[in-house]
Amino acid sequence: MDEMDAAMALVEKWRSQSRKGFLDLCALSLLASRDESYGLDMMEALAQAGLEVSEGTLYPLLARMTREGSLSPSWTTPETGHPRKYYRLSPTGQLVLAAMREEFDRNVAALRRIEGGTR
Amino acid sequence: MTAREYLEALRSALASMEPGERDDFVKEMESHIDELKERHPEKGEEELVDALTPPDALAAELTDGKGRGDRQEAGGRERGHDGSGARHARGSRAEGLSGLGVRLRDALETLGHKLEGLDLDLDLNLDLGPLGPKEGDRYGEGEIEKVFPADGLDAIRLEAFSAEVRVLPSSTAEARFVARGERGAVNFAFEQESGELAIIERSAGRHAADEIRLELPGNLVRARVVTRSGDIALEGIACELELKTASGDVEARSCPGALSIETISGDVDAQEVGTLAVRTASGDVSASGVSGSAAARSASGDIELERVGGDAAGESASGSVGIDTCAGRAAARAISGDVSVSGVGGRVTVGASSGSVELDSSRGFSGAEISTVSGNVYVELPADVDAELAWSTVSGGITIEGAHGKRGSLALGAGGEGLVIKTASGDIGVDW
């Protein structure tokens, strides 16, 4: 049981470290794939894809990426219902996504090679 | 908490933020809550709001991100320098406790491999030396058969490559070994020393046997079978059994002795056995009818233990763990897999990380302790239960009749055995 305890603690630690940057990539990819979206809609789309993200993680992430210039938000107020804040990729965000995507693919390919080499 | 209270708490938690930005963020969370109310008309506002990340944690996450962003953008700009460290730490903690819902299956696969390396010392001992004929080898023209008197024979050890191995009781007072190769001669060495008979396959590949049949006499104390990829099937063997295989599956039926099984990727299926101890890296384990204790560990396989007379223990890193009907105590551990436990006579201990936990104690309850990080927990107790219930969660929801708050305790009936449930962000539900 000791190894399991240690493994569980390590995985949780690793998970919270590794997912931040990964979520940036996922949020950008999501917005690229659907042109524009708002918070709850993004949470659901991410959850459907298998990434459960709380609002406590997503909204601060969106706020940061807006501040950094990757996202362009705009408020819409429909005739009925409540206002919504829609996000779309800014031109900077599109460049950032392309570069992140390439970097990520490179890393995955490297991991595959490393695993293949030790077999 | 109502939406208004939540938004006000959030606003004051964001006091240090630039006012325009703060107003915008609070408005966005208001829109989020409105959207939730619209989509879940069946739920009350407070229920929806209580499920949200607490304002403090949300603010910590937000200012944490901002702190980092500013440092990146403006290098030496002095902004909350002494305070930002504290905020950072707070943000990380909030992340650790409430933001653990992300499932990265691949990562757990990697963990599985790690466990495989660290933990599962399978000692398969398949390095059988240089291949080729040796003194004492015995070739058969595609088939070899040998008979050994049972007298003085305590143990048999069989090591083979890819053959399907069947182990059965012998109808005579002899041990009988038959190996067949469909592609030509097979090559085995037989060594007998002080009560132990070793049968060792010498040729892999073209000269490897395809089928092995081993008949064991009733007086045998111990048998050990090792294969590389061949399946191992046993039926009606009473002696102590030790089975190891890299990728073969193991199937044991009606073996009332002690079974110890190790595989790397092979699955294990045991029915009506004495005691059972299984370790596997990625194989699934299914056991039904274990008269003594049953323990199974897997890095990524699923584990199912049914009808266990003694204690039952199941552990899997990324697979699921199920224990159904166990007379003794039950212990289950999983990291990302789900855990399901029912019909346990003794005490229950369950630990999970992101997997959910279901404990059905409706037929009897003798105490349980359950902890998860983000997994939900559901427990069913007998209607007339006497128990002492204690729960605590950081951000999960509580569905317990008569329970108030994220942390508390409650005596059911006359009180008695403890049911202790702890989660970080998982929901907790108890029915009786």
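Parameters and conventions
- Residues numbered from 1 in each chain as written.
- Chains lettered and ligands numbered in written order.
- Predicted model: local features only at pLDDT ≥ 70, side-chain atom pairs only at ≥ 80, totals over all residues.
- Heavy atoms only, no water.
- Pairing = 2+ DSSP bridges.
- Helix = DSSP H or I, 4+ residues; strand = E, 2+ residues; numbered from the N terminus.
- Contact = heavy atoms within 4.5 Å.
- Axes fitted to C-alpha atoms, helices over the stretch in contact; angles between N-to-C directions.
- Buried < 20%, exposed > 50% of the residue type's maximum accessible area, 1.4 Å probe, protein only.
- Parallel < 35°, antiparallel > 145°, perpendicular 65-115°, else oblique.
- Left-handed = near helix turned anticlockwise from the far one by under 90°.
- Nonpolar A, V, L, I, M, F, W, Y, C, P; charged D, E, K, R; others polar.

S.K.: Mind showing me how you'd approach the sheet that holds strand β2 (residues 71-76) of chain A here?
M.R.: To summarise the sheet geometry, strands pair through backbone hydrogen bonds and adopt either a parallel or an antiparallel arrangement. Strand order in the open sheet formed by three strands is β1-β3-β2 (chain A), with antiparallel pairing between adjacent strands. For this open sheet the edge positions go to β1 (37-38) and β2 of chain A, each flanked by a neighbour on one side alone. Here β1 of chain A runs beside strand β3 (residues 84-89) of chain A; their pairing, made up of two bridges, is antiparallel. Residue pairing in the sheet places S37 of chain A in a bridge with Y87 of chain A of β3 of chain A. In the packing of helix α2 (residues 19-39) of chain B onto the sheet, the strands contacted are β1, β2 and β3 of chain A, and the crossing angle to β3 of chain A comes to about 110 degrees.

S.K.: In this structure, what is going on with the pairing of strand β9 (residues 222-227) of chain B? I would like to understand it.
M.R.: Consecutive side chains along a regular strand alternate between the two faces of the sheet. All names here are of chain B. The buried fraction of β9 amounts to five of the six residues, a majority that puts the element mostly inside the structure. Two strands pair when backbone bridges link them, and strand β3 (residues 155-160) and β9 are joined in this way by six bridges, in the parallel orientation. Bridge pairing in β9 links E159 to V226. Here β9 runs beside strand β11 (residues 240-245); their pairing, made up of six bridges, is parallel. For V225, the partnering residue across the bridge sits in β11 and is L243.

S.K.: Would you mind showing me how to read the packing of helix α2 (residues 39-49) of chain A against helix α3 (residues 55-68) of chain A here?
M.R.: All names here are of chain A. As a packed pair, α2 and α3 sit with axes 10 Å apart at the nearest point and diverge in direction by 120 degrees. As summarised for this structure, α2 and α3 are arranged oblique, according to the angle between their axes. Of the two elements, α2 crosses α3, and the hand of that crossing is right-handed. Where α2 abuts α3, its residues G39, L40, M42, M43 and L46 lie against E55, L58, Y59 and L62. Here the residues of the contact of α2 with α3 sort into seven nonpolar, one polar and one charged.

S.K.: Just checking my understanding: could you explain unusual backbone geometry for this structure?
M.R.: When glycine is set aside, most residues are seen to have a negative phi, and most peptide bonds are trans. The phi dihedral of D35 of chain A falls on the positive side, at around 65 degrees, and the residue is not glycine. Counting through the fold element by element, D35 of chain A comes out in the loop between α1 (2-34) and β1. Exposure remark for D35 of chain A: the relative accessible area of 47% places this residue in the partly exposed category. One non-glycine residue with positive phi stands out, namely S254 of chain B, at about 50 degrees. Judged by its relative accessible area of 38%, S254 of chain B is partly exposed.

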